[in-house]
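Structure at a glance
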Amino acid sequence: MNHKSVYAIAVSEKQAVEIEENLTKAGFSNDDISALIPDKDSNHGFPHDAGIKGMAASVGSGGVLGEALDLLASIGALAIPGVGRLIAAGPLLPALRLLASGATVVGLGGILMNLGIPEIAAKRYENRMAAGDILISVNADTVEQVQHAKEVLKTAHAEDIAVASAPEVDSSNLS
(Lines give C-alpha, C1' and ligand atoms only; values in the text may rest on other atoms or scores of the structure.)
Protein backbone atom coordinates (compact mmCIF):
# COMPACT_ATOMS: atom_id res chain seq x y z
CA MET A 1 0.00 0.00 0.00
CA ASN A 2 1.40 3.42 -0.98
CA HIS A 3 0.45 5.65 1.93
CA LYS A 4 -0.04 9.30 0.96
CA SER A 5 -0.69 12.54 2.81
CA VAL A 6 -2.65 15.43 1.34
CA TYR A 7 -1.45 18.84 2.55
CA ALA A 8 -3.12 22.24 2.36
CA ILE A 9 -3.02 25.70 3.89
CA ALA A 10 -5.79 27.24 5.98
CA VAL A 11 -5.58 31.02 6.22
CA SER A 12 -7.46 31.30 9.51
CA GLU A 13 -8.34 29.31 12.61
CA LYS A 14 -11.98 29.37 11.53
CA GLN A 15 -11.10 27.82 8.18
CA ALA A 16 -8.86 25.20 9.86
CA VAL A 17 -11.75 24.14 12.08
CA GLU A 18 -14.11 24.00 9.08
CA ILE A 19 -11.61 21.83 7.20
CA GLU A 20 -11.21 19.45 10.15
CA GLU A 21 -15.00 19.18 10.54
CA ASN A 22 -15.51 18.63 6.80
CA LEU A 23 -12.84 15.92 6.69
CA THR A 24 -14.41 14.02 9.60
CA LYS A 25 -17.89 14.37 8.06
CA ALA A 26 -16.40 12.98 4.83
CA GLY A 27 -15.31 9.85 6.67
CA PHE A 28 -11.70 10.64 7.60
CA SER A 29 -10.73 9.67 11.13
CA ASN A 30 -9.31 12.20 13.57
CA ASP A 31 -6.38 9.77 13.69
CA ASP A 32 -5.67 10.71 10.05
CA ILE A 33 -5.89 14.51 10.35
CA SER A 34 -3.00 16.72 11.45
CA ALA A 35 -2.48 20.45 11.87
CA LEU A 36 0.68 22.51 12.23
CA ILE A 37 -0.17 25.87 13.74
CA PRO A 38 2.12 28.87 14.34
CA ASP A 39 2.07 29.83 18.02
CA LYS A 40 1.05 33.47 17.63
CA ASP A 41 1.02 34.08 21.40
CA SER A 42 4.39 33.36 22.94
CA ASN A 43 2.88 33.77 26.41
CA HIS A 44 1.17 30.36 26.45
CA GLY A 45 3.89 28.98 28.68
CA PHE A 46 2.96 25.35 28.05
CA PRO A 47 5.57 22.63 28.45
CA HIS A 48 6.85 20.70 25.44
CA ASP A 49 4.77 17.63 26.25
CA ALA A 50 1.60 19.29 27.55
CA GLY A 51 -1.53 17.17 27.64
CA ILE A 52 -4.26 17.47 25.04
CA LYS A 53 -6.69 19.42 27.24
CA GLY A 54 -4.08 21.96 28.38
CA MET A 55 -2.67 22.44 24.90
CA ALA A 56 -6.08 22.83 23.32
CA ALA A 57 -7.06 25.40 25.91
CA SER A 58 -3.81 27.29 25.38
CA VAL A 59 -4.05 27.25 21.60
CA GLY A 60 -7.68 28.15 21.31
CA SER A 61 -7.88 30.45 24.32
CA GLY A 62 -11.28 28.90 24.89
CA GLY A 63 -12.15 29.20 21.21
CA VAL A 64 -13.26 26.82 18.51
CA LEU A 65 -9.75 25.86 17.35
CA GLY A 66 -8.89 24.62 20.83
CA GLU A 67 -12.03 22.49 20.88
CA ALA A 68 -11.23 21.07 17.43
CA LEU A 69 -7.64 20.24 18.44
CA ASP A 70 -8.98 18.50 21.51
CA LEU A 71 -10.35 15.83 19.15
CA LEU A 72 -6.99 15.08 17.52
CA ALA A 73 -4.88 12.19 18.74
CA SER A 74 -1.78 13.99 19.99
CA ILE A 75 -0.73 17.59 20.51
CA GLY A 76 2.71 19.03 21.18
CA ALA A 77 4.85 22.12 20.77
CA LEU A 78 7.96 22.48 18.62
CA ALA A 79 10.42 25.31 18.06
CA ILE A 80 11.59 25.57 14.45
CA PRO A 81 14.22 28.10 13.32
CA GLY A 82 12.84 30.71 10.92
CA VAL A 83 9.23 30.08 11.93
CA GLY A 84 9.34 30.02 15.72
CA ARG A 85 7.12 28.01 18.02
CA LEU A 86 4.64 25.70 16.36
CA ILE A 87 1.82 23.64 17.77
CA ALA A 88 1.44 20.26 16.09
CA ALA A 89 -1.69 18.17 16.43
CA GLY A 90 -2.48 14.72 15.08
CA PRO A 91 -0.53 11.77 13.72
CA LEU A 92 2.09 13.99 12.07
CA LEU A 93 3.49 14.91 15.51
CA PRO A 94 5.86 11.90 15.96
CA ALA A 95 7.46 12.52 12.55
CA LEU A 96 7.78 16.22 13.25
CA ARG A 97 9.38 15.61 16.64
CA LEU A 98 11.84 13.16 15.11
CA LEU A 99 12.74 15.49 12.25
CA ALA A 100 12.78 18.66 14.39
CA SER A 101 15.75 17.31 16.32
CA GLY A 102 17.87 18.30 13.29
CA ALA A 103 15.91 21.46 12.51
CA THR A 104 18.74 23.81 13.42
CA VAL A 105 20.25 22.98 10.05
CA VAL A 106 17.26 22.37 7.80
CA GLY A 107 14.45 24.55 9.19
CA LEU A 108 10.78 23.91 8.50
CA GLY A 109 11.22 23.60 4.73
CA GLY A 110 13.76 20.80 5.20
CA ILE A 111 11.53 19.05 7.72
CA LEU A 112 8.60 19.18 5.29
CA MET A 113 10.79 17.84 2.46
CA ASN A 114 11.76 14.94 4.75
CA LEU A 115 8.03 14.25 5.11
CA GLY A 116 7.91 13.73 1.33
CA ILE A 117 6.67 17.18 0.30
CA PRO A 118 8.36 18.44 -2.90
CA GLU A 119 10.89 21.23 -2.30
CA ILE A 120 8.89 23.98 -3.99
CA ALA A 121 5.74 23.18 -1.99
CA ALA A 122 7.76 22.80 1.24
CA LYS A 123 9.27 26.26 0.82
CA ARG A 124 5.82 27.74 0.08
CA TYR A 125 4.43 26.08 3.21
CA GLU A 126 7.37 27.35 5.27
CA ASN A 127 6.75 30.92 4.04
CA ARG A 128 2.99 30.66 4.58
CA MET A 129 3.45 29.38 8.12
CA ALA A 130 5.99 32.11 8.89
CA ALA A 131 3.21 34.51 7.88
CA GLY A 132 0.80 32.81 10.31
CA ASP A 133 -1.11 30.35 8.11
CA ILE A 134 -1.97 26.82 9.28
CA LEU A 135 -0.79 23.62 7.57
CA ILE A 136 -3.37 20.82 7.49
CA SER A 137 -2.63 17.25 6.44
CA VAL A 138 -4.79 14.17 6.04
CA ASN A 139 -3.54 10.61 5.60
CA ALA A 140 -4.98 8.63 2.70
CA ASP A 141 -4.38 4.96 1.90
CA THR A 142 -6.00 4.77 -1.55
CA VAL A 143 -6.16 6.88 -4.69
CA GLU A 144 -9.87 7.36 -4.01
CA GLN A 145 -9.16 8.70 -0.51
CA VAL A 146 -6.54 11.09 -1.91
CA GLN A 147 -9.06 12.43 -4.43
CA HIS A 148 -11.78 12.65 -1.79
CA ALA A 149 -9.49 14.57 0.60
CA LYS A 150 -8.52 16.98 -2.19
CA GLU A 151 -12.19 17.59 -3.01
CA VAL A 152 -13.01 18.32 0.65
CA LEU A 153 -10.06 20.71 0.90
CA LYS A 154 -11.03 22.50 -2.31
CA THR A 155 -14.63 22.86 -1.13
CA ALA A 156 -13.36 24.48 2.09
CA HIS A 157 -11.24 26.89 -0.01
CA ALA A 158 -7.95 25.52 1.33
CA GLU A 159 -4.92 26.80 -0.54
CA ASP A 160 -1.72 25.20 -1.87
CA ILE A 161 -3.08 21.64 -1.91
CA ALA A 162 -0.36 19.03 -2.51
CA VAL A 163 0.04 15.26 -2.19
CA ALA A 164 3.15 13.55 -0.87
CA SER A 165 4.23 10.04 0.04
CA ALA A 166 4.05 9.79 3.82
CA PRO A 167 7.10 8.53 5.69
CA GLU A 168 7.04 5.52 7.97
CA VAL A 169 8.02 6.77 11.41
CA ASP A 170 9.12 4.61 14.31
CA SER A 171 7.69 6.52 17.24
CA SER A 172 8.65 3.89 19.81
CA ASN A 173 11.59 5.98 20.99
CA LEU A 174 9.61 9.24 21.13
CA SER A 175 8.02 10.01 24.44
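Residues numbered from 1 in each chain as written. Predicted model: local features only at pLDDT ≥ 70, side-chain atom pairs only at ≥ 80, totals over all residues. Heavy atoms only, no water.

Turning to the pattern of salt bridges, a few remarks are in order. In the structure shown here, the tally under the stated rule is five salt bridges. The partner of Asp160 in a salt bridge is Arg124, with the nearest N and O atoms 3.3 Å apart. Remark: Arg124 occurs in helix 6 (residues 119-130) and Asp160 occurs in strand 6 (residues 159-165); sequence separation between them is 36 residues. Classification of Arg124 by relative accessible area gives partly exposed; the value is 35%. Taken together, the salt bridges that share partners define one network made up of Arg124, Arg128, Asp133, Glu159 and Asp160. (Salt bridge = Lys/Arg side-chain N within 4 Å of Asp/Glu carboxyl O. Helix = DSSP H or I, 4+ residues; strand = E, 2+ residues; numbered from the N terminus. Buried < 20%, exposed > 50% of the residue type's maximum accessible area, 1.4 Å probe, protein only.)

Here we come to unusual backbone geometry. The phi angle at His157 is positive, at roughly 65°, despite the residue not being glycine. Within the fold, His157 resides in the loop between helix 7 (143-155) and strand 6. The backbone phi angle of Asp160 is positive, close to 50°, even though this residue is not glycine.

All right, on to the environment of Ala140 then. Turning to its location among the elements, Ala140 is positioned in strand 5 (residues 134-140). Of the residues examined, Ala140 reaches a relative accessible area of 0% and is grouped as buried. Remark: the alpha-carbon pair of Ala140 and Lys4, spanning 136 residues in sequence, is separated by 5.3 Å.

A few words on the pairing of strand 1 (residues 4-10). With respect to burial, strand 1 is a largely interior element, six of its seven residues being buried. The pairing of strand 1 with strand 5 spans seven bridges and is antiparallel. Within the sheet, the bridge partner assigned to Lys4 lies in strand 5 and is Ala140. As paired strands, strand 1 and strand 6 are joined by five bridges and run antiparallel to one another. Within strand 6, the residue paired with Lys4 across the bridge is Ser165. (Pairing = 2+ DSSP bridges.)

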